[in-house]
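Chain by chain, the residues:
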Amino acid sequence: MQQLLPALNDHNLPWMDTLHPIVVHFVIAMAVISVIFDLIGVVLRRPNLFEVSFWNLLFATGAIFVAIIFGQVEAGLADPYGGSRAILNLHSTLGWSLAGILSVLTGWRYVLRNRDPETLPLPFLAAGGVLAALVAVQVTLGNQLIWVYGLHTVPVVAAGRAGLI
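Residues numbered from 1 in each chain as written. Predicted model: local features only at pLDDT ≥ 70, side-chain atom pairs only at ≥ 80, totals over all residues. Heavy atoms only, no water.

(A) The pattern of salt bridges, seen in detail. Counted according to the given criterion, the structure contains 2 salt bridges. The partner of Asp38 in a salt bridge is Arg109, and the shortest N-O contact between them spans 3.0 Å. Of the two residues, Asp38 is situated in helix α1 (residues 20–43) and Arg109 in helix α3 (residues 84–115); the sequence distance between them amounts to 71 residues. Grouping residues by exposure puts Asp38 and Arg109 together as buried. (Salt bridge = Lys/Arg side-chain N within 4 Å of Asp/Glu carboxyl O. Helix = DSSP H or I, 4+ residues; strand = E, 2+ residues; numbered from the N terminus. Buried < 20%, exposed > 50% of the residue type's maximum accessible area, 1.4 Å probe, protein only.)

Dropping the structure here:
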């Protein structure tokens, strides 16, 4: 019988290594730089930075869905153990929540940009601060999954396959 799916490697993945962390770094960078450019634009009265910020926010919103697709596939192929189960569930939930938040902020920003591209209201800047804080939490959770629990690392996958964890 022919196998429909590719065999899993020593990372427990059908591809060479995890792709989610690669894609998600674009989301992190674009979302955070969007907030930073908004703040710099307001403080230094440089509204031209708002345009750069808008495009970063827009691309972060698109990229987060690609990151979520890879993240969900890789989470499904992970063999979480101990405390990593709860962290992985929280990380997944927060990832989907951030996709919604980014989508709402991008829509809000689009409306603001069309009304007056030269200004940003304080509530939008505050929402950007909340976004940056949530991204920091999400990064911390992702780091724990990789650097504390070692999900998809060769030694942890081998230990799981051997029934040691």
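(B) Expanded view of the side chain of Thr18. As for its placement among the helices and strands, Thr18 is situated in the segment before α1. Setting aside anything within four residues of it in sequence, one finds Thr18 in contact with Leu13, Glu74 and His152. (Contact = heavy atoms within 4.5 Å.)

(C) Quick peek at unusual backbone geometry. One non-glycine residue with positive phi stands out, namely Asn12, at about 65 degrees. Along the polypeptide, Asn12 turns up in the segment before α1. Judged by its relative accessible area of 16%, Asn12 falls in the buried class.

(D) Structural detail: a nonpolar patch on the surface. A surface patch of nonpolar side chains, about 350 Å² in accessible area, is lined by Ile36, Ile40, Val43 and Leu44. Tracing the chain through its elements places Leu44 in the loop between α1 and α2 (48–77). What makes Leu44 exposed here is its relative accessible area of 54%. (Patch = residues over 30% accessible without salt bridge, like charges linked within 9 Å, V, L, I, M, F, W, Y side chains within 5 Å. Areas by Shrake-Rupley, 256 points an atom, 1.4 Å probe, with all protein chains shown as cover.)

(E) Looking closely at the packing of aromatic side chains. For the structure on display, the rule yields 5 aromatic pairs. Taking the centre distance of 6.3 Å and the plane angle of 35 degrees together, the rings of Trp55 and Phe59 count as tilted. Here Trp55 and its partner Phe59 are both found in helix α2, 4 residues apart, which amounts to about one turn of the helix. A network of ring pairs unites the aromatic residues Phe54, Trp55 and Phe59 as a single cluster. Taking the ring centre of Phe54 as reference, the NZ or CZ of Arg113 above it sits at 4.2 Å. (Phe/Tyr/Trp six-rings, centres within 6.5 Å; stacked < 30°, edge-to-face > 60°. Lys NZ or Arg CZ within 6 Å of the ring centre and 35° of its normal.)

(F) Fine view of the side chain of Thr106. Positionally, Thr106 belongs in helix α3. Separated by 2.7 Å, the side chain of Thr106 and the backbone oxygen of Leu102 make a polar contact. Look past the residues within four positions of Thr106 in its chain and what remains in contact with it is Phe54, Leu57, Leu58 and Thr61. (Polar contact = N/O pair within 3.5 Å; in protein donor to acceptor, adjacent residues only side chain to side chain.)

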